[in-house]
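Structural description and commentary
Chain by chain, the residues:
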Amino acid sequence: MSNKVIDLRSDTVTKPSKGMMEAMFAAPVGDDVFGEDPTVNALEEKTARMFGHEAGLFCPSGTMTNQIAIQVHTSPGDEVICHSSSHVYNYEGGGIARNAAASTKLVHNDGATMSVAEVKALVNEDFDWLANTSLVVAEDTSNRGGGKCYNTEELEALSRFCKDSNLSFHLDGARVMNAIVEKNHDVLAYGNLFDSISICLSKGLGTPVGSVLIGPKNFIKEARRVRKVMGGGMRQAGILAAAGIYALDQNVSRLTDDHDRAKELAQALNRASQVVHAIPPETNILLFDLQSKEAKEAALLNLEKEGLRAVSFGPARIRMVTHLDITDQDIDESKRIISKVLD
Ligand SMILES: *Cc1c(COP(=O)(O)O)cnc(C)c1O
């Protein structure tokens, strides 16, 4: 047995590669609060241009880019429509209420995506006793949905509906590059569907830190002010932004390897007798259910003992995520451990 721990808990566990660190060391930097960091400016422009947006804003985390977007798109007392499984609702510390003083209406369904009919049913009429619905947030790929992607047609329909209804449409694109390579989206056409997009560089793209928020110039101007208020104004942040530029150049097309490896792991899980159901992975997130909470806890412990780390993701559910630091050899070893522990 090898001594290497295979860490499938999240795609956030990657360490910067040698090439990435060299890019970071070589980055020209300046004070970004003064707008003087050439590498941050280059990353913001590059990301915005990729998606056909006017401007970008580099932030420490995807939580911050989402929270800033929600604050800029809403006024206090407004209502935000999102999926009940969404990150902005579940995993950002109640930030919609805390930061934006807005409330939420949730789409509930077994999937992770929202249809126009589901969103439309939650939009308030224009009465002064009802909260003003001002924002819809979609997540692509969906984390709790097991890396599920929207179809182009679904997003086009949501985008059209939001435009016609005078609602802002924000994308939590923490793993948007996974969606883009998997669905082979035209990136400019895709970008055009949203008023703003939050893109994580520290997930599948493998940087140590950072997310970029993109949108129209006037939106990003206000977002810069909110970032400062939230304590996200960084100084010589070009060292971090350089990793982002490197990641966008080097680590996007290879995401399909992660998707293939997740599918391979799913096959091994489906063969294991303790696994009740593995949700077929579309991208790099793999969710599967065991018989019970006890079975799940035992499985996590025994997988870990064999050198395979995963996380609990529900009462009887486990999540595994493939990423940049996982090789084909690691997948072979993972399959061996899965059949040993879960069969
Ligand atoms: C990881 C993640 C974020 C942002 O998380 P940070 O850890 O704050 O960067 C946002 N949305 C989704 C769906 C995520 O998975």
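Residues numbered from 1 in each chain as written. Predicted model: local features only at pLDDT ≥ 70, side-chain atom pairs only at ≥ 80, totals over all residues. Heavy atoms only, no water.

1. Considering the pattern of salt bridges
How we decide: A side-chain nitrogen of Lys or Arg and a carboxyl oxygen of Asp or Glu constitute a salt bridge if their distance falls within 4 Å. Secondary structure follows DSSP: runs of H or I at least 4 residues long count as helices, runs of E at least 2 residues long count as strands, and numbering of each begins at the N terminus. Buried, partly exposed and exposed residues are distinguished by accessible area as a fraction of the type maximum, computed with a 1.4 Å probe on protein chains only: under 20%, between the cut-offs, and over 50%, respectively.
Taken as a whole and assessed by the stated rule, the structure comprises 20 salt bridges. The residue Glu-182 makes a salt bridge to Lys-263 at a minimum N-O spacing of 3.7 Å. Here Lys-263 lies in helix H12 (residues 255–271) and Glu-182 lies in helix H8 (residues 176–183), a separation of 81 residues in the sequence. We classify Glu-182 as partly exposed; its relative accessible area is 30%.

2. Quick notes on the nonpolar core
Test applied: By nonpolar core we mean a set of buried residues, namely Ala, Val, Leu, Ile, Met, Phe, Trp, Tyr and Cys, connected to one another through side-chain atoms within 4.5 Å. Between two residues, a contact is recorded if the distance between any of their heavy atoms is within 4.5 Å.
Counting 44 residues, the largest nonpolar core has Phe-51, Phe-58 and Met-177 as its most contacted members. Tallying contributions element by element places helix H11 (residues 238–250) first for this core, with five residues. If we ignore the near neighbours within four places in the chain, the residues touching Met-177 are Met-50, Phe-51, Leu-205, Leu-248, Val-252 and Leu-255.

3. With respect to the packing of aromatic side chains
Inclusion rule: Here the aromatic set is Phe, Tyr and Trp, taking the six-membered ring for Trp, and pairing holds for ring centres within 6.5 Å; pairs whose planes are under 30 degrees apart are stacked, those over 60 apart are edge-to-face, and all others are tilted. Here, a charge over a ring means that NZ of Lys or CZ of Arg falls within 6 Å of the ring centre while also lying within 35 degrees of the ring normal.
Counted according to the given criterion, the structure contains three aromatic pairs. Residues Phe-127 and Trp-129 carry aromatic rings whose centres are separated by 4.7 Å and whose planes lie at 5° to one another, so their mutual orientation is stacked. On the basis of relative accessible area, Phe-127 is assigned to the partly exposed category, the value being 35%. Their ring planes at 55° and their centres at 5.4 Å tell us that Tyr-190 and Phe-194 sit as a pair that is tilted. An aromatic cluster of three or more residues is present, and its members are Phe-169, Tyr-190 and Phe-194. In this arrangement the basic side chain of Arg-144 is found over the ring face of Phe-313, its NZ or CZ atom lying 4.6 Å from the centre.

4. Comments concerning the site of the ligand
Our working definition: A molecule or strand has a residue near it when one of that residue's heavy atoms lies within 4 Å. The term polar contact refers here to a pair of N or O atoms within 3.5 Å; inside protein, the definition further demands a hydrogen-donor-capable atom paired with an acceptor-capable atom, and it admits residues adjacent in sequence only when both atoms are side-chain atoms. Accessible surface is estimated by sampling points in the Shrake-Rupley manner with a 1.4 Å probe; for residues, cover comes only from the protein chains shown. Under the scheme applied here, ten amino acids are nonpolar (Ala, Val, Leu, Ile, Met, Phe, Trp, Tyr, Cys and Pro), four are charged (Asp, Glu, Lys and Arg), and all others, including Gly, are polar.
Near the ligand lie 13 residues; those nearest to it are Gly-62, Thr-63, Asp-172, Arg-175 and Lys-203. With respect to the ligand, the side chain of Arg-175 contributes an N or O atom lying 2.9 Å from an oxygen atom. Between Lys-203 and the ligand, the recorded distance is 2.9 Å, taken from a side-chain N or O atom to an oxygen atom. Coverage of the ligand by the protein amounts to 84% of the 380 Å² it exposes when considered alone. Looking at which element gives the most residues to the shell around the ligand, the answer is helix H3 (residues 62–73), with three residues. Classifying every residue of the shell around the ligand gives two nonpolar, six polar and five charged.

5. Observations regarding helix H7 (residues 152–164)
One full turn of an α-helix is made of 3.6 residues, so residues set three or four places apart face in the same direction. Operational definition: By this rule the span expected of a helix is its residue count minus one, scaled by 1.5 Å.
Under the 1.5 Å per step criterion, the end-to-end length of H7 is 18 Å for 13 residues, consistent within 8% with the ideal 18 Å. Of the surrounding secondary structure, the elements contacted by the buried residues of H7 are helix H6 (116–120), strand E5 (133–139), strand E6 (168–173) and helix H9 (187–191). Of the residues flanking the end of H7, it is Asn-166, one or two places downstream, whose phi is positive at about 60°.

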